[in-house]
Amino acid sequence: MNLKDLYIDFFKSKGHKQIPSAPVVPENDPSVLFNTAGMQPLIPYLMGESHPYGKRLCDYQKCIRTNDLDTIGDAYHHTFFEMLGNWSLGDYFKKEAITWSFEFLTSVLKIPKEKLAITVFAGNELIGEDKESIEIWKSLGISDKRICKTVDDNFWIAGEFGPCGPDTEIFYFRSDDEIPEEFDPEDERWVEIWNNVFMQYNKTKDGKIEDLPKKNVDTGMGVERTTAILEGVNDNYISSLWIDVIKKIEEISNLPYSQNEKSMRIIADHIRTAVFISADNSLIKPSNTDQGYILRRLIRRSIRHAKKLGIDINSDFMKEIALVIISKYEKYYKELKQNKEIVLSVLEQEKIKFNRTLEKGLREFDKNTKNLVDNKIDASLAFRLYDTYGFPIELTEEIARERNIEVDIDGFYQKFKEHQEKSRTASAGKFKGGLAGNGEMETKYHTATHLLNAALKKVVSEDVHQKGSNITSERMRFDFSCDHKLTDIEKQKTEELVNKWINDKIDIIKKEMPKEEAIKSGAECMFIEKYPDMVTVYEIGDFSKELCGGPHVKNTKELGHFKIIKEESSSAGVRRIKAVLEEK
Ligand code: SER
C-alpha cells in the first residue's frame, strides 16, 4: 500500500472522516491563487464554523506553490505537491495528535524512533513554552537531546493573519552516517517530514493574538518527500511517484536522466502541475492574468526545456507525458479522468501557440543580445519578448543566465505593471500567496452574489446560471449564462430587486444536508461533483437556495446599497456583471 492509503486508513481507524481534496483554485478566497496547504480550505472551520463531516477530519490535499519557480530543477522542490493532513476541530488536542503521529510513523511506517527528532515552541513574550508537547514526546521515548526548542520555526500561520498556533515538527535522519546523539535542526541530514500545529489562536489584521472559540489540531505531511524517504532515495524524482514520468522523458528524448536532471525535472514538474490546474473544475485556461498566467508559464517553460533536450516540440511529447501523469493519479483525483480531454487540449493549444513564436523569439533574443551595452537586457527588450513573443520573464532570465547575460528585472516589472494596470488585471501582490481574506466586505459580497443570481433569474430568465464569480473587498464580479446583452431596464430592475431584498431584512438560513437531498430540493450549485456527500445550503427567503461553502452575513440588512457598475460580455453565451456595495 502506498503512503496516502496507509495514512487515510490509519486516521480513519482513529475516528476521522476522510474529506475530498478541495480544488487547487480556492473557491471562496480571492486573496490567493491556489491552495497552498491542506488547512487552507478549512479556515472557516478552524475559525469556529461546524464542519458537515464532524470534528475529526483527514485528507490528502492538492497544493500549488509557485512563488519561486527558480527552485524547480533541484531534487526536492515541486510546484504541485500533495499534503496529508489530519484535523481536530475542537476535539482532541496535543496528547492524541502527537501520540498518533508517533504511532503512525513507528508502527505503520516502521520508522525506528531513533531516526526521529522533534522541534517544539520555545515560547515568547505572548505565549509560553510548549511544555506539554515536550512531556508527551518524552513519554513516548524520544530523548531529551532529540528535542529542540525554537521560537521562529515553531509557530505556524498561513500568511499575515488568521488561525495560528505553536507547532511541533517531526524530523527524520536521512543519511547512512551515524546518527548524532544531539539533534541540530540546522544539520541538513535531518529533514522535516510532518508538522503538528496546535491552532488555538487567531491573529487579527492589526496584529493582536486572540483565542479561537475552540482548540484545533492541524497537521501536514508532504507526500513526495516522505515517499522518497521511505524508499531510501535522495532524489524525489527517482521515487515511485515520479520514476515513470522521468522514464517517459528519457524515452522521448533518448537521453539519460543522470546527465539531464535539471531539464527533465522541470518538464516533469511543470507538466504535472499544468495537468492538475487544467483538470480542476474551475476550468482555468492559459492567459496573461492570475492562475491562467501561472498555467501559461509552466507550459511554456516545459516546452523550452524540451527543446533544450532536443525533443521535437511539435510532436505529441506533452500529451504522452501528461497521459503518464493522469494514469498515475486518476485513482485519487477523478477530475483527471473526467477532464482528460480538456487537459490534453489545453496543453496542445498552448503548445501550438507558443511554438509559433518561440523560434522567432529566440532569434529576436539572439539578434538583440549580440552587442549588448553592460551585458544587460534592458526593460524594453525583456518586455517585447514577453508581449510579442510570449516569453514569461523567468524564461528570458533563464536563457540569459545560460549565456551569462543579466536582465533588468525591475525595469521589466515596472513596464509589466503599467501594462497590467492598463488592462486592469490582477495586481502583482496577488502572486505572493498568503492567507485568505474572508473579511467583512468579502462576506457581504458572498451574500450579495446569491441575491444577484436570484434576481437575474426573476428579471432576466429562469435559464440564468452562475458561471463564475470573483470577490475582493472592493467589488464583486459575477459571470452568468445569458444569450443577450442586458437592457437598461433589466439592469435597473435587477438592481432594484436586490435592494428590495436587502431592505426586507431577511435572515440567511444555513442548513447541512446530504448532497442528494440538496439537489432534490432544487438548490443551485456550479459544479455538483466538487461537493462532498454532506453539503451546506444557504437559503434566503423563498427565492434563493444555493450550495455554498460560505461565509455569509446573518441578515440581508447588513449589505448596504447594491449597485451594478458594469455589464459586459465574458465569453460566448456568458455575461459578466461587476457590482459594489455602498454604505446607505
Ligand atoms: N498547516 C501546516 C503546514 O502547512 C500543517 O499542516 O505545515
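To be clear, the structure that these remarks concern was listed above.
Okay, so let's go over this structure. Treat the numbers as computed from the prediction; the structure is a model and nothing was measured.

What follows is about the overall build of the chain. When helices and strands are tallied, the chain shows 17 helices and 18 strands. Over its C-alpha trace the chain gives a radius of gyration of 25 Å, about what one expects of a compact globule, namely 25 Å for 584 residues. Structurally, the chain occupies a C-alpha span of about 80 × 65 × 45 Å along its principal axes. Long-range pairs, those at least 24 residues apart, make up 71% of the contacts in the chain with a sequence separation of at least 6. With the model as given, the accessible surface of the chain reaches about 25900 Å², and the carbon-plus-sulfur share is 46%. With 87 positive and 99 negative side-chain charges, the chain shows a spacing of 4 Å between the two charge centroids.

Now for the pattern of salt bridges. Scanning all chains against the criterion turns up 44 salt bridges. A single network of salt bridges, built from pairs that share partners, joins Arg301, Arg304, Lys308, Glu398 and Glu402.

Neighbouring the ligand are Ala37, Met39, Met83, Trp156, Asn195, Val197, Asp218, Thr219 and Gly220. One of the side-chain N or O atoms of Asn195 is found 3.3 Å from an oxygen atom in the ligand. In this structure, an oxygen atom belonging to the ligand sits 3.2 Å away from a main-chain N or O atom of Thr219. Here the ligand loses 93% of its free accessible area of 230 Å² to cover by the protein chains. Sorting the residues of the shell around the ligand by element identifies β8 (190-203) and β9 (209-222) as the ones contributing at least two each. Looking at the shell around the ligand element by element, the count peaks at three residues for β9. For the shell around the ligand, the per-class residue count stands at five nonpolar, three polar and one charged.

The next point concerns the sheet that holds strand β16 (residues 544-547). An order of β14-β15-β16 is seen for the three strands of this open sheet, with the pairing classed as antiparallel. Whereas interior strands pair on both sides, the edge strands pair on one side only; in this sheet they are β14 (508-514) and β16. With strand direction ignored, the average angle separating the axes of adjacent strands in the sheet is 25 degrees. Here strand β15 (residues 534-540) pairs with β16 via four bridges, running antiparallel. When the sheet's bridge partners are listed, Val537 is paired in β16 with Leu547.

Our next topic: a negative patch on the surface. Judged by side-chain charge, Asp152, Asp153, Glu182, Asp184, Glu186 and Glu188 come together as a negatively charged surface patch. Within the secondary structure layout, Asp152 lies in the loop between β5 (147-150) and β6 (155-157). On the basis of relative accessible area, Asp152 is assigned to the exposed category, the value being 71%.

Looking at the element boundaries, Tyr237 is found in the loop between α5 (223-230) and α6 (243-253). Along the primary structure Tyr237 and His77 are separated by 160 residues, whereas in three dimensions their C-alpha atoms are 9.9 Å apart. If sequence neighbours within four positions are ignored, Tyr237 has contacts with Ile72, Asp74, Ala75, His77, His78, Trp242, Ile243, Ile246, Tyr257, Arg265, Ala268 and Asp269. Looking at Tyr237, its side chain comes within polar contact range of the side chain of His78, at 3.2 Å.

Attention now goes to the side chain of Asn86. Summarising the element assignment, Asn86 is placed in strand β3 (residues 80-89). Looking at Asn86, its side chain comes within polar contact range of the side chain of Tyr7, at 2.7 Å. Side chain to side chain, Asn86 and Tyr92 meet in a polar contact 3.0 Å long. Leave out the neighbours within four places in its chain, and Asn86 touches Tyr7, Phe11, His16, Leu57, Cys58, Tyr92, Trp194, Val217, Asp218 and Thr219.

Before going further, it helps to spend a moment on unusual backbone geometry. One non-glycine residue with positive phi stands out, namely Leu283, at about 50 degrees. Secondary-structure assignment places Leu283 in the loop between α7 (261-279) and α8 (290-308). Residue Leu283 is classed as partly exposed on the basis of its relative accessible area, which comes to 37%. Of note, Asn375 is a non-glycine position whose phi angle comes to about 55 degrees, a positive value.

Put simply, α8 and helix α13 (residues 393-402) touch, their axes get as near as 9 Å, and they point 30 degrees apart. Looking at the two axes, α8 sits roughly parallel to α13. Residues Tyr293, Arg297, Arg301, Arg304, His305 and Lys308 of α8 pack against Ile393, Glu394, Leu395, Glu398, Ile399 and Glu402 of α13.

Inspection of the secondary structure assignment puts Glu335 in helix α10 (residues 334-338). For the pair Glu335 and Pro23, spaced 312 residues apart in sequence, the C-alpha to C-alpha distance is 9.6 Å. Not counting residues up to four positions away in its chain, the partners in contact with Glu335 are Lys62, Ala279, Asn281 and Lys340.

Take the packing of aromatic side chains next. What the rule picks out here adds up to 32 aromatic pairs. Taking 5.4 Å as the distance between ring centres and 85 degrees as the angle between the ring planes, the aromatic pair formed by Tyr7 and Phe104 counts as edge-to-face. Of this pair, Tyr7 sits in helix α1 (residues 3-13) while Phe104 sits in helix α3 (residues 94-108), placing them 97 residues apart in sequence. Neither Tyr7 nor Phe104 differs from the other in exposure class; each is buried. On the numbers, 4.7 Å between centres and 40 degrees between planes, the contact of Tyr237 with Trp242 is tilted. For Tyr237, a relative accessible area of 0% corresponds to the buried category. Taken together through their ring pairs, the aromatic side chains of Tyr60, Phe80, Phe276, Tyr329, Tyr332 and Tyr333 make up a single cluster. The positively charged end of Lys4 is found above the aromatic ring belonging to Tyr60, 5.5 Å away from the centroid. Positioned over the ring face of Tyr332 is Lys4, at 4.0 Å from the centre of the ring.

Two elements in contact, helix α9 (residues 317-329) and helix α11 (residues 340-369), have axes whose closest approach is 10 Å; the angle formed by their N-to-C orientations is 150 degrees. When the interaxial angle is binned, α9 and α11 end up roughly antiparallel. The crossing of α9 and α11 is right-handed. The segment α9 lies against α11, with Phe317, Met318, Lys319, Ala322, Leu323 and Ile326 engaging Lys340, Val343, Leu344, Leu347 and Lys351. Considering only residue class, the contact of α9 with α11 consists of eight nonpolar, no polar and three charged.

Cut-offs applied
- Residues numbered from 1 in each chain as written.
- Predicted model: local features only at pLDDT ≥ 70, side-chain atom pairs only at ≥ 80, totals over all residues.
- Heavy atoms only, no water.
- Helix = DSSP H or I, 4+ residues; strand = E, 2+ residues; numbered from the N terminus.
- Rg over C-alpha atoms; globule rule 2.2 N^0.38 Å.
- Contact = heavy atoms within 4.5 Å.
- Areas by Shrake-Rupley, 256 points an atom, 1.4 Å probe, with all protein chains shown as cover.
- Lys, Arg positive; Asp, Glu negative; His and termini not counted.
- Charge placed at Lys NZ, Arg CZ, Asp CG, Glu CD.
- Salt bridge = Lys/Arg side-chain N within 4 Å of Asp/Glu carboxyl O.
- Near = heavy atom within 4 Å.
- Polar contact = N/O pair within 3.5 Å; in protein donor to acceptor, adjacent residues only side chain to side chain.
- Nonpolar A, V, L, I, M, F, W, Y, C, P; charged D, E, K, R; others polar.
- Pairing = 2+ DSSP bridges.
- Axes fitted to C-alpha atoms, helices over the stretch in contact; angles between N-to-C directions.
- Patch = residues over 30% accessible without salt bridge, like charges linked within 9 Å, V, L, I, M, F, W, Y side chains within 5 Å.
- Buried < 20%, exposed > 50% of the residue type's maximum accessible area, 1.4 Å probe, protein only.
- Parallel < 35°, antiparallel > 145°, perpendicular 65-115°, else oblique.
- Phe/Tyr/Trp six-rings, centres within 6.5 Å; stacked < 30°, edge-to-face > 60°.
- Lys NZ or Arg CZ within 6 Å of the ring centre and 35° of its normal.
- Left-handed = near helix turned anticlockwise from the far one by under 90°.

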